[in-house]
Amino acid sequence: MALETCGNCLSCLLVPLALWSIVVNILLYFPNGKALHATSYQLPNYVWYFEGICFSGVMILLLAVILITLECSMFYRCCQSESCNKTYRSFISIVLALLGVAFSGYSCIIFTLGLIQGPFCNSSDGWDYIFKDTAGGYLTDYPAWSRCTEPANIVEWNIILLSILIALSGLQLIICFLKVAAELKRTLCGTYSVFVQAGIL
């Protein structure tokens, strides 16, 4: 019962998460608040995938808006029967939530790979991914961070922002899974009638 009741509010939680994902991803383009390295394309390759802006951002936001519209709309009808109408709404919600799982899951994977790869920075050997062979070991090797001389504090900047993005996309993933579970329970356990409508039997 709690899952069914909470299912209607889950979509609303996706909206602030998507907006925050867009904002945080945009910050990755401006290390220390400066646009110099973005204009020179001296940024990590994963930043240019736009996963925080497109997938866990705009796409999740669109899905959330559609889900909220389906849940709140009283005029939408796909057939004459009210139970049929609710069934189709539930089916569409499940499909959209599964898309949300795919979008947020993809984003979470890319953010994690980006965190493991490390920042693209300038060192004594020139511009390169100097931590790419550490398999993420640099995250706890604080003295090694000083090898990145430019942009300033780029290691901390990337770690903080990518960690936030991983958390945001992870929460989106959990919420979308819960949304799927809520709609499936609602459909299969009697709240909505899927196969049997009154008057058929």
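In this text, all values refer to a predicted model and were calculated from it rather than measured experimentally.

Visitor: Outline the nonpolar core, supporting the account with residue identities and numerical values.
Guide: Phe-131, Tyr-138, Cys-148, Val-155 and Leu-162 are the most contacted members of the largest nonpolar core, which totals 40 residues. Secondary-structure elements contributing two or more residues to this core are α1 (2-27), α3 (51-72), α4 (82-117) and α5 (154-188). If near-sequence neighbours (up to four positions away) are discounted, Phe-131 is found in contact with Ile-116, Gln-117, Pro-119, Tyr-138, Ala-144, Trp-145, Arg-147, Cys-148 and Val-155.

Visitor: Kindly report on the confidence of the model for the chain, identifying the contributing residues and their values.
Guide: On average, the chain scores 80 in pLDDT, and the residues at 70 or more come to 80%. Looking over the chain, one finds the lowest element-wise mean pLDDT in helix α2 (residues 36-39), namely 64, and the highest in α5, namely 90. Counted against residues more than four places away or in other chains, residues 192-201, with its pLDDT under 50, gives 14 contacts.

Visitor: Summarise the packing of α3 against α5; cite the residues concerned and give the values.
Guide: Viewed as axis vectors pointing N to C, α3 and α5 meet at an angle of 30 degrees, and their least axial separation amounts to 12 Å. In this view, α3 runs roughly parallel relative to α5, as classed from their interaxial angle. The crossing of α3 and α5 is left-handed. Where α3 approaches α5, its residues Ser-56, Ile-60, Leu-67 and Glu-71 are matched on the opposing element by Ser-169, Gln-172 and Lys-179. Taken together, the residues of the contact of α3 with α5 sort by class into two nonpolar, three polar and two charged.

Visitor: Please give an account of a nonpolar patch on the surface that cites residues and values.
Guide: The grouping of Trp-20, Val-23 and Leu-27 at the surface amounts to a nonpolar patch, some 300 Å² of accessible area in total. The residue Val-23 is located in helix α1 in this model.

Visitor: If you had to explain the environment of Leu-63 to someone new, which residues and values would you point to?
Guide: Mapped onto the elements of the fold, Leu-63 is located in helix α3. Here the alpha-carbon distance between Leu-63 and Ala-97, two residues 34 residues apart in the chain, equals 7.6 Å. Sequence-distant contacts of Leu-63, that is, excluding residues within four places in its chain, are made with Leu-96, Leu-99, Gly-100 and Phe-103.

Visitor: Go over the packing of aromatic side chains, please, and point to the residues and values.
Guide: Tallied over the full model, the rule gives six aromatic pairs. Centre to centre, the rings of Tyr-142 and Trp-145 are 5.1 Å apart; their planes meet at 85 degrees, and the pair counts as edge-to-face. Its relative accessible area of 54% is what places Tyr-142 among the exposed residues. On the basis of relative accessible area, Trp-145 is assigned to the buried category, the value being 15%. Pairwise contacts between aromatic rings join Phe-55, Phe-103 and Tyr-106 into one cluster.

Visitor: Explain the environment of Leu-70 to me, using residue names and the numbers behind them.
Guide: Examined against the element boundaries, Leu-70 turns out to sit in helix α3. Remark: the alpha-carbon pair of Leu-70 and Arg-89, spanning 19 residues in sequence, is separated by 6.4 Å. Apart from residues lying up to four places away in sequence, Leu-70 is in contact with Arg-89, Ile-92, Ser-93 and Leu-96.

Visitor: Just give me the short version of the pattern of salt bridges, but keep the residues and values in it.
Guide: Applying the stated criterion to the full structure yields one salt bridge. Across the salt bridge formed by Glu-183 and Lys-179, the nearest N and O atoms sit 3.0 Å from each other. Placement of both Glu-183 and Lys-179 in helix α5 is noted, with a separation of four residues, approximately one turn of the helix. Here the two residues Glu-183 and Lys-179 agree in accessibility, since each one is buried.

Calculation rules
- Residues numbered from 1 in each chain as written.
- Predicted model: local features only at pLDDT ≥ 70, side-chain atom pairs only at ≥ 80, totals over all residues.
- Heavy atoms only, no water.
- Core = buried A, V, L, I, M, F, W, Y, C linked by side-chain atoms within 4.5 Å.
- Buried < 20%, exposed > 50% of the residue type's maximum accessible area, 1.4 Å probe, protein only.
- Helix = DSSP H or I, 4+ residues; strand = E, 2+ residues; numbered from the N terminus.
- Contact = heavy atoms within 4.5 Å.
- pLDDT = per-residue confidence, 0-100.
- Axes fitted to C-alpha atoms, helices over the stretch in contact; angles between N-to-C directions.
- Parallel < 35°, antiparallel > 145°, perpendicular 65-115°, else oblique.
- Left-handed = near helix turned anticlockwise from the far one by under 90°.
- Nonpolar A, V, L, I, M, F, W, Y, C, P; charged D, E, K, R; others polar.
- Patch = residues over 30% accessible without salt bridge, like charges linked within 9 Å, V, L, I, M, F, W, Y side chains within 5 Å.
- Areas by Shrake-Rupley, 256 points an atom, 1.4 Å probe, with all protein chains shown as cover.
- Salt bridge = Lys/Arg side-chain N within 4 Å of Asp/Glu carboxyl O.
- Phe/Tyr/Trp six-rings, centres within 6.5 Å; stacked < 30°, edge-to-face > 60°.

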